[in-house]
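Here's the letter readout for the chains.
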Amino acid sequence: MSEEKSLNFIEEIIEKDLAEGKHTTITTRFPPEPNGYLHIGHAKSICLNFGLAIKYGGKTNLRFDDTNPVTEETEYVESIKEDIQWLGFNWANELYASDYFEQLYAFAEKLINKGLAYVDDSTSEEIAQQKGSPTVPGIRNKYAERSIAENIQLFTEMRQGKYADGEKVLRAKADMSSPNMHMRDPILYRIKHAHHHRTGDKWCIYPMYDFAHGQSDSIENITHSICTLEFIPHRELYNWLIEQLDIFPSHQYEFARLNMTYTVMSKRKLLQLVNEKHVSGWDDPRMSTISGMRRRGYGAAALRDFCDKIGIAKRENLIDIGLLEFCVREELNKTALRRMVVFAPLKMTITNFDKEVEWVSIEDNPEDPNTTHRQVPFSKEIYIEQDDFMEVPPKKYFRLFPGGKVRLKGAYIIECNEVIKDDEGNIVELKCTYLPESKSGNDTSGIHVKGTLHWVSIAHAIHAEVRLYDRLFHVENVADAEGDFKDHINPNSLEIVEKVYAEPALANNNLAERYQFLRKGYFCLDKDSTDNKLIFNRTVTLKDTWAKEVKKKN
RNA sequence: UGGCCUAUAGUAUAAUGGUAGUACAACAGGUUUUGGUCCUGUCUGUCUUGGUUCGAAUCCAGGUAGGCCAACCA
């Protein structure tokens with residue numbers, strides 16, 4: 001009954017290439033620049049590149065595009081590797097563009113010798129000006145006339161460190177009147193007397209993206225070099241350089257990057273959020289980074305599922321963050337341990353309950369047919385959620401109210417007999433009676449109640465802090481919103497509840513476990529927790545149709 | 001106003017000249033000891049104008065709209 005899943009346009013290209021014998025196997029690569037942490041948009045690219053290799057029996061290299069030493073750091077290299085592995089992918093080779101610096105230098109010499117590159121002494125302003133505009137052809141300056149010998153000599157001296165930053169560049173001699181601005185004698189090498197995270201001080205000239213990326217692809221025999229749409233104009237130059245150098249013909253294909261509602265997806269902006277302390281760090285659970293989502297409790301399988309669901313195409317898109325949350329819930333529903341935790345307590349005294357404690361057995365996960373059970377203490381004094389009681393219930397409200405009955409999850413049906421208030425009229429306690437014959441799993445009372453509440457025995461409760469996260473921005477399309485993106489930060493994206501009351505089973509916990517606090521949402525232990533203080537992150541809320549109902553009426 | 005890319009429900013994504021489908025969202029109902037899950041149903045779509053064709057979302061031409069390109073960033 002296997003329903004054939006349709007192919008995306010890149011899979012179609014690959015299947016055609018394979019069928020026609022253009023390639024016998026495919027090689028892809030994931031090429032991050034180590035200048036920031038990976039975000040969910042990178043996850044899309046990772047799933048695509050690694051997924052393709054898995055599907056077609058090829059391999060994927062991890063190649064760091066580390067050609068700009070001033071922005072790149074080892075910390076980023078480490079985080080990137082961790083994120084890819086956590087997502088569940090293994091690279092064939094861990095490579096660096098900087099590994100190819102010597103070869104890239106030789107490629108540059110080859111171009112010079114073919115009369116296709118020259119050293120230019122112009123300032124960047126002059127170069128920009130001479131480039132013209134999309135409607136006005138560029139003009140070549142006198143440096144383009146230098147002899148091959150002079151160019152070789154100058155380029156050698158550039159490498160030797162005879163010149164200061166910005167004093168000279170190596171340019172390709174391509175086409176100054178091309179409608180494609182990237183063909184107007186693009187810069188191949190620039191001088192940067194900067195320390196490189198891997199090559200140290202060995203080099204003071206560094207290749208530009210256009211003279212590193214395609215060449216690295218070629219060196220690695222990458223068959224399908226997949227990047228995002230904004231690189232489309234680079235493809236002509238990508239092909240031109242490969243052709244002039246006469247090296248393995250890698251091909252570039254472009255797909256639309258991921259955009260998501262209520263978030264930002266650019267390393268530059270994410271870096272700003274970190275540097276300006278709008279968040280606690282790259283792995284702040286509100287960030288769109290993979291590490292942030294991991295800390296928040298999102299599962300790797302959920303992220304992969306999400307990337308699969310959004311598809312691959314060439315049109316600009318803005319994905320509803322609700323789809324990501326759907327994927328997260330779908331995974332967690334099957335795996336999370338159920339626990340009862342009261343956030344805003346309201347005391348309930350069960351006046352006719354005389355035992356000191358009764359341990360009731362409740363399933364850890366009702367979705368799991370082989371679920372285990374834990375014992376939960378039930379006693380005379382418990383907490384329920386303040387929200388679960390109303391003195392004057394609205395229509396369709398089926399939680400507790402005076403004279404009303406509800407079931408306490410896993411325990412008994414109780415009836416509310418009396419409401420106790422303080423001097424200011426606040427409800428401080430409920431006096432209830434329970435129906436002994438209504439015990440969960442052994443209910444002979446014949447009474448049906450609509451509401452089931454979570455609860456915690458006061459004497460047995462353990463305490464924890466809970467961090468409730470909301471979207472980081474309060475506008476749907478942050479990139480399109482007026483003004484600076486930081487103007488749209490949601491000031492209420494983090495709400496901390498200092499003390500919540502949990503059933504004792506939650507004392508047994510670990511960082512890897514995922515929990516569903518019944519009727520509250522999915523939670524995971526945060527790394528900030530200590531022996532004395534438990535801290536839980538809210539991964540995502542449960543779908544709440546009652547809240548929606550209430551909202552509709554207002 | 002030079003070139004390139006794109007256009008299918010609210011959002012994404014299929015249909016590769018032959019019944020416009022799927023997911024999320026929304027809405028209605030059923031089940032339920034989580035107002036969760038699960039199940040059922042409903043709603044909404046081929047940017048536009050021509051052309052080719054027995055037949056066009058698909059091919060062609062014009063238009064319109066959106067995006068990208070003039071960093072010693074990637």
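Refer to the preceding data block for the structure.
The residue numbers shown here count from 1 along each chain, following its written sequence. Chains carry letters from A onward and ligands carry numbers from 1 onward, assigned in written order. Local features in this predicted model are restricted to residues of pLDDT 70 or higher, and side-chain atom pairs are both shown and tallied only at a pLDDT of 80 or more, whereas totals for entire chains, interfaces and linings draw on every residue. To obtain the side-chain values, all non-hydrogen atoms of the structure were used and water was disregarded.

Asks: Would you mind showing me how to read the overall build of chain A here?
Replies: Each helix and strand counted, chain A has 13 helices and 25 strands in total. Throughout, the radius of gyration refers to the C-alpha atoms, and the reference size of a globule is 2.2 Å times the residue count to the power 0.38. Taken against the 2.2 N^0.38 rule, which gives 24 Å for 554 residues, the C-alpha radius of gyration of chain A at 31 Å runs more than 25% over that of a compact globule. Judged by the C-alpha coordinates and their principal axes, chain A covers about 100 × 55 × 45 Å. The buried share of chain A, taken over its 554 residues, is 53%. Residue contacts follow a heavy-atom distance rule, with two residues in contact if any of their heavy atoms lie within 4.5 Å. For chain A, the share of sequence-separated contacts (at least 6 apart) that also reach a separation of at least 24 residues comes to 70%. Here the Shrake-Rupley method, with its probe set to 1.4 Å, supplies the accessible areas, and only the displayed protein chains count as covering residues. When the accessible area of chain A is evaluated, it comes to approximately 25,700 Å², of which 48% is carbon and sulfur surface. Only DSSP runs of H or I covering at least 4 residues are called helices, and only runs of E covering at least 2 are called strands; the numbering of each starts at the N terminus. Accessible area is worked out with a 1.4 Å probe on protein chains only. A residue is then buried under 20% of its type maximum, exposed over 50%, and partly exposed in between.

Asks: Explain the side chain of Ser445 here, please?
Replies: By secondary structure assignment, the location of Ser445 is in the loop between β18 (427–434) and β19 (452–453). Assessed through its relative accessible area of 18%, Ser445 is described here as buried. Definition of a polar contact: a pair of N or O atoms within 3.5 Å, with one able to donate and the other able to accept a hydrogen when the atoms are protein atoms, and with sequence-neighbouring residues admitted only if both atoms are side-chain atoms. Within the structure, Ser445 has its side chain in polar contact with the side chain of Asp443 (distance 2.7 Å). A distance of 3.1 Å separates a polar atom in the side chain of Ser445 from the backbone nitrogen of Ile447.

Asks: How should I be thinking about the protein's contact with RNA strand B in this particular structure?
Replies: Any residue with a heavy atom lying within 4 Å of a molecule or strand is counted as near it. Inspection of the region around RNA strand B gives 68 residues, with Glu12, Arg338, Arg399, Ser440 and Arg519 positioned closest. In the interface set of RNA strand B, defined as its atoms within 4 Å of the protein, sugar plus phosphate atoms amount to 61%. Within the side chain of His234, an N or O atom sits 3.1 Å from a base nitrogen of RNA strand B. With respect to RNA strand B, the side chain of Arg399 contributes an N or O atom lying 2.5 Å from a base nitrogen. Contributions of two or more residues to the surface near RNA strand B are made by α5 (124–130), β6 (187–191), α11 (300–310), α12 (321–335) and α13 (545–553). Looking at the surface near RNA strand B element by element, the count peaks at 4 residues for α13. Considering only residue class, the surface near RNA strand B consists of 25 nonpolar, 21 polar and 22 charged. Classification used: nonpolar for Ala, Val, Leu, Ile, Met, Phe, Trp, Tyr, Cys and Pro, charged for Asp, Glu, Lys and Arg, polar for all others including Gly.

Asks: Before we go on, may I ask you to explain empty space enclosed by the protein in this structure?
Replies: Rolled over the atoms, a probe sized like a water molecule indicates the empty space that remains. Each cavity reported here is a set of points on a 1 Å grid over the protein atoms alone in which a 1.4 Å probe fits but cannot get out, each pocket an open set with protein on both sides within 12 Å along at least five of seven lines, and each lining residue one with an atom within 4 Å of a point. Grid points are joined across faces, edges and corners, and a volume is the space filled by probe spheres set on the points. For the structure on display, the rule yields 1 cavity of 30 Å³ or more. Taken as a whole, the largest cavity encloses approximately 40 Å³ of empty space. What lines the largest cavity is Tyr209, Asp210, His213, Gly214, His234, Tyr238 and Gln252. In terms of residue class, the lining of the largest cavity is built from 2 nonpolar, 4 polar and 1 charged.

Asks: Explain the layout of surface pockets to me, please; I cannot follow it from the model alone.
Replies: The calculated volume of the second largest pocket comes to roughly 1,200 Å³. Lining the second largest pocket we find 41 residues, and of these Glu33, Tyr209, Glu230, Phe231 and Lys267 sit closest to its centre. Of all elements in the fold, only β1 (27–30), α2 (40–55), β6, β8 (224–228) and α9 (267–275) reach the threshold of two or more residues within the lining of the second largest pocket. Ranked by the residues each element gives to the lining of the second largest pocket, the list is headed by α2, at 4 residues.

Asks: When you look at the sheet that holds strand β23 (residues 514–517) in this model, what are you seeing that I'm missing?
Replies: Sheets are built from strands that pair by backbone hydrogen bonding, the pairs being arranged parallel or antiparallel. When DSSP locates at least two bridges between a pair of strands, those strands are taken to pair. The strand order β10-β23-β24-β25-β21-β22-β11 describes an open sheet built from 7 strands, whose pairing is mixed. Among the strands making up the open sheet, the edge pair consists of β10 (337–339) and β11 (341–342). Pairing of β10 with β23, which is carried by 3 bridges, proceeds in the parallel orientation. Residue pairing across strands places Arg339 opposite Phe517, the latter belonging to β23. The strands that α12 touches are β10, β23, β24 (521–525) and β25 (535–541); relative to β25, the one it contacts most, it runs at about 120°. A fitted line through C-alpha atoms serves as each axis, taken over the contacting stretch for helices, and the angle formed by two N-to-C directions is quoted from 0 to 180°.

Asks: Honestly, unusual backbone geometry in this entry has me stumped. Any pointers?
Replies: Most peptide bonds are trans, and most residues other than glycine sit at a negative phi. Positioned with a positive phi, Asn221 is a non-glycine residue whose angle comes to about 55°. As for its placement among the helices and strands, Asn221 is situated in the loop between α7 (213–219) and β8. Of note in this structure, Lys396 is not a glycine but carries a positive phi near 70°. As for its position among the elements, Lys396 is in the loop between β15 (381–385) and β16 (405–408).

Asks: I tried to follow the pattern of salt bridges on my own but got confused; where do I start?
Replies: A carboxyl oxygen of Asp or Glu within 4 Å of a side-chain nitrogen of Lys or Arg is what we treat as a salt bridge. Tallied over the full model, the rule gives 47 salt bridges. For Glu82, the salt bridge is made with Arg294, and the minimal N-O distance between the two is 3.6 Å. You can see Glu82 sitting in helix α3 (residues 74–87) and its partner Arg294 sitting in helix α10 (residues 290–296), a full 212 residues away along the chain. Of the residues examined, Glu82 reaches a relative accessible area of 44% and is grouped as partly exposed. Where Asp121 meets Arg146, a salt bridge forms, and the shortest distance between an N and an O atom there is 2.4 Å. Of this pair, Asp121 sits in the loop between β4 (117–120) and α5 while Arg146 sits in the loop between α5 and α6 (148–160), and the two are 25 residues apart along the sequence.

Asks: Could you clarify how one ought to interpret the sheet that holds β1 in this entry?
Replies: Taken in spatial order, the 3 strands line up as β1-β2-β3 in an open sheet, and their pairing is parallel. Of all the strands in the sheet, the pair left with one neighbour each is β1 and β3 (94–96). For this sheet the average axis-to-axis angle between neighbouring strands, irrespective of direction, equals 35°. Both strand β2 (residues 59–64) and β3 contribute to a ladder of 3 bridges, which runs parallel. Bridged to Arg63 within β3 is Leu95. Most of the contacts of α2 go to β1, to which it runs at about 160°, and overall it touches β1 and β2. Taken strand by strand, α3 contacts β1, β2 and β3, and its axis lies near 160° from that of β2.

Asks: Sorry if this is basic, but what is going on with the side chain of Asn509 here?
Replies: Tracing the backbone through its elements, the reader meets Asn509 in the loop between β22 (494–502) and β23. From its side chain, Asn509 meets the backbone oxygen of Leu506 in a polar contact 2.9 Å long. One polar contact links the side chain of Asn509 to the main-chain carbonyl oxygen of Ala507, over a distance of 3.3 Å. Excluding its chain neighbours within four sequence positions, the residues that come into contact with Asn509 are Tyr515, Leu525 and Leu534.

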